[in-house]
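Notes for the structure review
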Amino acid sequence: MSARVKERGMLVLGLMSGTSADGIDIALARISGAPPRAKARLLNHTAVKFPAQVRSEILCVAEQRAITAGELSQLNFRLGQLFADAAQTACQRFRMALSSVDLIGSHGQTIFHQGGAPVPYLGGRVASTLQIGEGAVIAARTGVTTVADFRPADMAVGGQGAPLVPYADYLLYSDGKLGRASLNLGGIANVTVIPAGAAREKVFAFDTGPANMLIDALVAHFTRGRKKFDDGARLALAGWAIPGLLDELMRDPYLREPPPKSTGREYYGADYVKRVLAMGRRYRAKPNDLIRCVTIFTALSVVDALNRFVTRRAKIDQLIVSGGGARNPLIMAQLGAALSGVEVLSSSRLGVPEEGKEAFAFALLAYETFHQRAGNVFSATGASGPAILGKICYAPGAHEYEY
């Protein structure tokens, strides 16, 4: 690495698209040093929406609808173009040259994730994951070396490939006196538990269940696509909670599965939404009632996970909430009311904007990969040990520079 880069640290762009597939979050970070003394600062963040046609195709594939191998290949490269364009757009908004960026970390778009126990397939047993958004295309279009496809390396050593954000959570939130849990409410809800004074290998994490995925799906269904999400929980707040329906939702078998565990659209996708709609009809729920119930279900499933799997292992003083769900006042109110003795606060109060944290995390993971260091917290993913995550795609001409 050049003396100039060593002195100022690396400027890294993190690119993230979640299970909601509504667009790409971009975070700009300055990172230097190595764990446990690594320094990372989030400098800026923004988001770029996917074109409607692209989002529709992503959701189609993620819901396991029929698609040809050729179409999947084309989508992989088209998303690579869009991720590269998002990096360029972000730099324009940040008023900086893309050429000043040293590294890009791209999570890509998850279209399949089966990270639990291997299942029978073609005479063997396989667990697998697939994120698309071709890293080589990003590197070529931006001229910046890119790390992509982070999850398979963890799964190759027995992990679930998720969650991967705990590395960033530990770096950001570990505290000698406070026990903290970092909750991200994206399409899926995941929590990282960082006991007071804990070493990295004592951190554990898992997906608690659905977050915005069910809410967004019901809002789109009932508004015939006119709305994509429940802004300010206005629709939910106009409805009534139905205790019997909530009880039925809370009997979801996934909630009882012990960590390590991960989930996604494969479980909480279109078929699950159909079952929720059928529940609503049985209980004669109005649209706003059903939206309110799944919103409360999101909060209660998190509380259930904390009570069932966390509080016996670690004392939690603060729950730090990020992701789009942190801006849902009903979810936040439910969490605050149900978690006695725990301070519930948004990540922005600790200097990390709610929408920017996951993209920031993949900037950090890319930095670790570039320096040939493991980025998985294997106590969180269930892997047999540390793994260097991702695949490095060097930008054309990258060999000409001293790294």
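Each remark here, short or long, concerns the structure printed above.
Residues numbered from 1 in each chain as written. Predicted model: local features only at pLDDT ≥ 70, side-chain atom pairs only at ≥ 80, totals over all residues. Heavy atoms only, no water.

Moving on: the sheet that holds strand 10 (residues 318-322). Backbone-to-backbone hydrogen bonds pair the strands of a sheet. The strands run either parallel or antiparallel. If you trace the five strands from one edge of the open sheet to the other, you get 9-8-7-10-11, paired in mixed fashion. Sheet topology places strand 9 (204-210) and strand 11 (343-346) at the edges, where each strand pairs with a single neighbour. With strand direction ignored, the average angle separating the axes of adjacent strands in the sheet is 20 degrees. Summarising the sheet, strand 8 (residues 188-194) and strand 9 pair through six bridges and their orientation is antiparallel. When the sheet's bridge partners are listed, Val193 is paired in strand 9 with Phe204. Docked against the sheet, helix 6 (residues 166-173) engages strand 7 (180-185), strand 8, strand 9 and strand 10, running at close to 45 degrees with respect to strand 8. (Pairing = 2+ DSSP bridges. Helix = DSSP H or I, 4+ residues; strand = E, 2+ residues; numbered from the N terminus. Axes fitted to C-alpha atoms, helices over the stretch in contact; angles between N-to-C directions. Contact = heavy atoms within 4.5 Å.)

Bringing the packing of aromatic side chains into the picture now. How two aromatic rings sit relative to each other is set out by the distance from centre to centre and by the angle between their planes. The final tally for this structure, using the stated rule, is eight aromatic pairs. Each ring, one from Phe50 and one from Phe83, has its centre 6.4 Å from the other, and the planes form 75 degrees; the classification is edge-to-face. You can see Phe50 sitting in the loop between strand 3 (39-49) and helix 2 (52-62) and its partner Phe83 sitting in helix 3 (residues 69-94), a full 33 residues away along the chain. With relative accessibility at 0%, the residue Phe83 sits in the buried group. For the ring pair Tyr254 and Tyr267, a centre distance of 6.0 Å and an interplane angle of 45 degrees mean the geometry is tilted. With Tyr254 in the loop between helix 9 (243-249) and helix 10 (265-268) and Tyr267 in helix 10, the pair connects residues that are 13 residues apart, well separated along the chain. Put simply, the rings of Tyr254, Tyr267, Tyr268 and Tyr272 touch in pairs and so form one group of aromatic residues. Sitting over the ring of Tyr254, Lys261 keeps its end group 4.3 Å from the ring centre. A cation over an aromatic ring shows up here: Arg313 above the ring of Phe204, its NZ or CZ 3.7 Å from the ring centre. (Phe/Tyr/Trp six-rings, centres within 6.5 Å; stacked < 30°, edge-to-face > 60°. Buried < 20%, exposed > 50% of the residue type's maximum accessible area, 1.4 Å probe, protein only. Lys NZ or Arg CZ within 6 Å of the ring centre and 35° of its normal.)

Bringing the side chain of Ser301 into the picture now. Here Ser301 shows up in helix 12 (residues 287-310). Residue classification places Ser301 among the buried positions, given a relative accessible area of 1%. Among the polar contacts listed, one links the side chain of Ser301 to the backbone oxygen of Thr298, at a separation of 2.8 Å. Once you skip the residues sitting within four places of it in the chain, Ser301 turns out to touch Thr208, Pro210, Met250 and Leu255. (Polar contact = N/O pair within 3.5 Å; in protein donor to acceptor, adjacent residues only side chain to side chain.)

Another point: the side chain of Asp216. By the secondary structure assignment, Asp216 is in helix 7 (residues 212-222). At 5.7 Å, Arg55 is the nearest oppositely charged side chain to Asp216, a buried residue that forms no salt bridge. In this view, Asp216 contacts Ser20, Lys228 and Phe229; residues no more than four positions away in its chain are not counted. (Lys, Arg positive; Asp, Glu negative; His and termini not counted. Salt bridge = Lys/Arg side-chain N within 4 Å of Asp/Glu carboxyl O.)

Now for the nonpolar core. Core analysis: the largest hydrophobic core is formed by 55 residues, its most contacted members being Leu183, Leu319 and Leu335. In terms of residue count, the dominant contributor to this core is helix 12 (13 residues). By size, the runner-up hydrophobic cluster in this structure holds 36 residues, among which are Met16, Ile31, Phe360 and Leu365. (Core = buried A, V, L, I, M, F, W, Y, C linked by side-chain atoms within 4.5 Å.)

Right, let's talk about helix 4 (residues 135-142) for a bit. Regarding helix 4, the residues found buried are Gly135, Val137, Ile138, Ala139 and Thr142. For helix 4, the secondary structure elements touched by its buried residues are helix 3, strand 4 (103-121), strand 6 (146-148) and strand 12 (391-393). A side-chain oxygen of the first residue of helix 4 lies 3.2 Å from the backbone nitrogen of Ala136; this N-cap is Glu134.

This part covers unusual backbone geometry. The omega torsion of the bond from Ala162 to Pro163 falls at -10 degrees, within 30 degrees of zero and hence cis. Residue position: Pro163 is located in the loop between helix 5 (151-156) and helix 6. That bond from Pro259 to Pro260 is cis: its omega, 0 degrees, falls within 30 degrees of zero. Note on placement: Pro260 falls in the loop between helix 9 and helix 10. Unlike most non-glycine residues, Ala233 shows phi in positive territory, near 60 degrees. One non-glycine residue, Gln372, lies in the positive phi region at around 60 degrees.

Quick look at the packing of helix 7 against helix 12 now. In the contact formed by helix 7 and helix 12, the axes pass within 9 Å of each other and the chain directions differ by 170 degrees. By the angle between their axes, helix 7 is roughly antiparallel relative to helix 12. Contact with helix 7, carried on its side by Leu214, Ile215, Leu218, Val219 and Phe222, involves Pro287, Leu290, Ile291, Val294, Thr295, Phe297 and Thr298 of helix 12 and no other residues of that element. (Parallel < 35°, antiparallel > 145°, perpendicular 65-115°, else oblique.)

Evaluation of the coordinates by the stated rule reveals zero disulfides. Lacking any disulfide linkage, Cys91 is separated from the closest cysteine sulfur, that of Cys393, by 18 Å. Relative accessible area serves as the criterion here: at 1%, Cys91 is assigned to the buried category. By relative accessible area, Cys393 is classed as buried at 17%. (Disulfide = S-S within 2.5 Å.)

So, about helix 11 (residues 270-282). Given 3.6 residues to a turn, an α-helix orients residues that are three or four positions apart in the same direction. The terminal C-alpha atoms of helix 11, which comprises 13 residues, lie 19 Å apart, in line with the 18 Å expected from a rise of 1.5 Å per residue. Of the residues making up helix 11, those classed as buried are Tyr272, Val273, Val276, Leu277, Met279 and Gly280. Each buried residue of helix 11 lies within a common arc of 155 degrees when the element is viewed along its axis, so the set occupies one face. Residues of helix 11 that are exposed and point over 90 degrees away from its buried face: Asp271, Lys274, Arg281 and Arg282. (Expected span 1.5 Å × (residues − 1). Arc of directions from axis to C-beta.)

To continue, consider the pairing of strand 8. Of all seven residues that make up strand 8, seven are buried, and the element is covered over most of its length. Across the two faces of strand 8 the burial is the same, with Ile188, Asn190, Thr192 and Ile194 and Ala189, Val191 and Val193 all buried. Across six bridges, the pairing between strand 7 and strand 8 is antiparallel. Along strand 8, the bridge assignment pairs Leu183 with Val191.

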